[in-house]
Amino acid sequence: TGMRDLLARTLREIVEIDISIGPDLWTAQVDRGQLEHALLNLAINARDAMGSGGVLSVRCSNRRIGEDDAGRYPDAVPGDYVAVEVRDTGYGMAHDVAERAFEPFFTTKEVGEGSGLGLSMVYGFARQSGGCAVIASAPGAGTTVTLLLPRAARIEAGPAEPVAEESPAGQ
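Residues numbered from 1 in each chain as written. Predicted model: local features only at pLDDT ≥ 70, side-chain atom pairs only at ≥ 80, totals over all residues. Heavy atoms only, no water.

**Here's the deal with the overall build of the protein chain**
Per the secondary structure count, the protein chain includes four helices and five strands. Moving toward the C terminus, one meets the helices and strands of the protein chain in the order α-β-α-β-β-α-α-β-β. Within the protein chain, buried positions represent 37% of all 171 residues. Summed over its atoms, the accessible surface of the protein chain is roughly 10,500 Å², and 51% of this surface lies on carbon and sulfur atoms. (Helix = DSSP H or I, 4+ residues; strand = E, 2+ residues; numbered from the N terminus. Buried < 20%, exposed > 50% of the residue type's maximum accessible area, 1.4 Å probe, protein only. Areas by Shrake-Rupley, 256 points an atom, 1.4 Å probe, with all protein chains shown as cover.)

Following this line, the structure appears as structure tokens:
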């Protein structure tokens, strides 16, 4: 939710932003700066796909991936993940285009309008974090990119608060 203002400035007022955080969301141990960069890349792609406006939805939820989910998440090993879904109401992509979307330097944009590295970076961040990224899209139906980020084994404690030493009574 801390990125709402940055997303609003980036997406302009023609794009409505809807952020939803599931109850009792687990903690994922990822680099915050890289996660923010990935979300910004996904938002910029969404903005470009919604030229005349639309809705960008970001949903965060807990997701347990089992053996049965291998078809939907082929790069994920069974386990607990924090799912970050970024969905747009843009024009979407054909299946063959969506299959290549994470490839470095692949872009559907005109020459000079994009490097083709944004989605590749998002995919690399998810894999480097021990998770995966999947894309679902269809012409006229928008696009959803889901990042599955492994649940942290434990929450790291912050710096310990200084404790005042107690002196024995009467001293």
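**Focus on the sheet that holds strand β5 (residues 143-150)**
The strand order β1-β2-β3-β5-β4 describes an open sheet built from five strands, whose pairing is mixed. Whereas interior strands pair on both sides, the edge strands pair on one side only; in this sheet they are β1 (15-21) and β4 (132-137). Across the sheet, the mean angle from the axis of one strand to that of its neighbour is 20°, orientation sign disregarded. Pairing geometry for β1 and strand β2 (residues 54-65), over seven bridges, is parallel. (Pairing = 2+ DSSP bridges. Axes fitted to C-alpha atoms, helices over the stretch in contact; angles between N-to-C directions.)

**Remarks on the nonpolar core**
Counting 32 residues, the largest nonpolar core has Leu-11, Leu-42, Leu-56, Val-84, Val-86 and Leu-147 as its most contacted members. For this core, the secondary-structure elements that each account for two or more residues are α1 (4-11), β1, α2 (32-49), β2, β3 (79-88), α4 (118-128) and β5. If we ignore the near neighbours within four places in the chain, the residues touching Val-86 are Leu-39, Leu-42, Leu-56, Ser-57, Val-58, Thr-143, Thr-144 and Val-145. Grouped together as the second largest cluster of nonpolar side chains are eight residues, Ala-83, Cys-132, Val-134 and Leu-148 included. (Core = buried A, V, L, I, M, F, W, Y, C linked by side-chain atoms within 4.5 Å. Contact = heavy atoms within 4.5 Å.)

**Concerning the pairing of β4**
Judged from the six bridges that link them, β4 and β5 form a sheet pairing that is antiparallel. Among the inter-strand pairings, Ala-136 is bridged to a residue of β5, identified as Thr-144. Turn length for the β4-β5 hairpin, with the two strands adjacent in sequence and antiparallel, is five residues, and the turn residue Gly-140 shows positive phi of about 80°.

**Thoughts on the packing of α2 against α4**
Where α2 meets α4, the axes come as close as 9 Å, and the angle between the chain directions of the two elements is 145°. The two elements α2 and α4 meet at a crossing, and its hand is left-handed. Contact residues: α2 offers Gln-34, Leu-35, His-37, Ala-38, Asn-41, Leu-42 and Asn-45, while α4 offers Gly-118, Leu-119, Met-121, Val-122, Phe-125 and Gln-128. Across the contact of α2 with α4, the residue classes break down as seven nonpolar, six polar and no charged. (Left-handed = near helix turned anticlockwise from the far one by under 90°. Nonpolar A, V, L, I, M, F, W, Y, C, P; charged D, E, K, R; others polar.)

**Here's the deal with the environment of Ser-61**
With respect to the helices, strands and loops of the structure, Ser-61 is situated in strand β2. Overall, Ser-61 belongs to the partly exposed group, its relative accessible area being 25%. A C-alpha to C-alpha distance of 6.4 Å links Ser-61 and Ile-21, two positions 40 residues apart in sequence. Not counting the four nearest positions on each side in its chain, Ser-61 is found in contact with Leu-25, Tyr-81, Val-82 and Ala-83.

**Here we look at α4**
The periodicity of an α-helix, 3.6 residues per turn, causes residues three or four positions apart to be oriented the same way. Where α4 is concerned, the buried positions are Gly-118, Leu-119, Ser-120, Val-122, Phe-125 and Ala-126. Summarising the contacts, the buried residues of α4 are in contact with α2, β4 and β5. Just downstream of α4, Gly-130 is the residue with a positive phi angle, here 90°.

**Some words on the pairing of β2**
A regular strand places its side chains on the two faces of the sheet in alternate fashion. After leaving β1, the chain enters α2 and then returns to the sheet as β2, a path that is left-handed. Pairing of β2 with β3, which is carried by 10 bridges, proceeds in the antiparallel orientation. Within the sheet, the bridge partner assigned to Val-58 lies in β3 and is Val-86. (Right-handed = clockwise from strand over helix to strand, strands pointing away.)

**Observations concerning the packing of α1 against α2**
Relative orientation of the contacting elements α1 and α2 amounts to 30°, with a least axis distance of 10 Å. With respect to α2, the element α1 is oriented roughly parallel. Note on packing geometry: the crossing formed by α1 with α2 is right-handed. On α2, the residues touching Leu-6, Leu-7, Thr-10 and Leu-11 of α1 are Leu-39, Leu-40, Ala-43, Ile-44 and Arg-47. Considering only residue class, the contact of α1 with α2 consists of seven nonpolar, one polar and one charged. (Parallel < 35°, antiparallel > 145°, perpendicular 65-115°, else oblique.)

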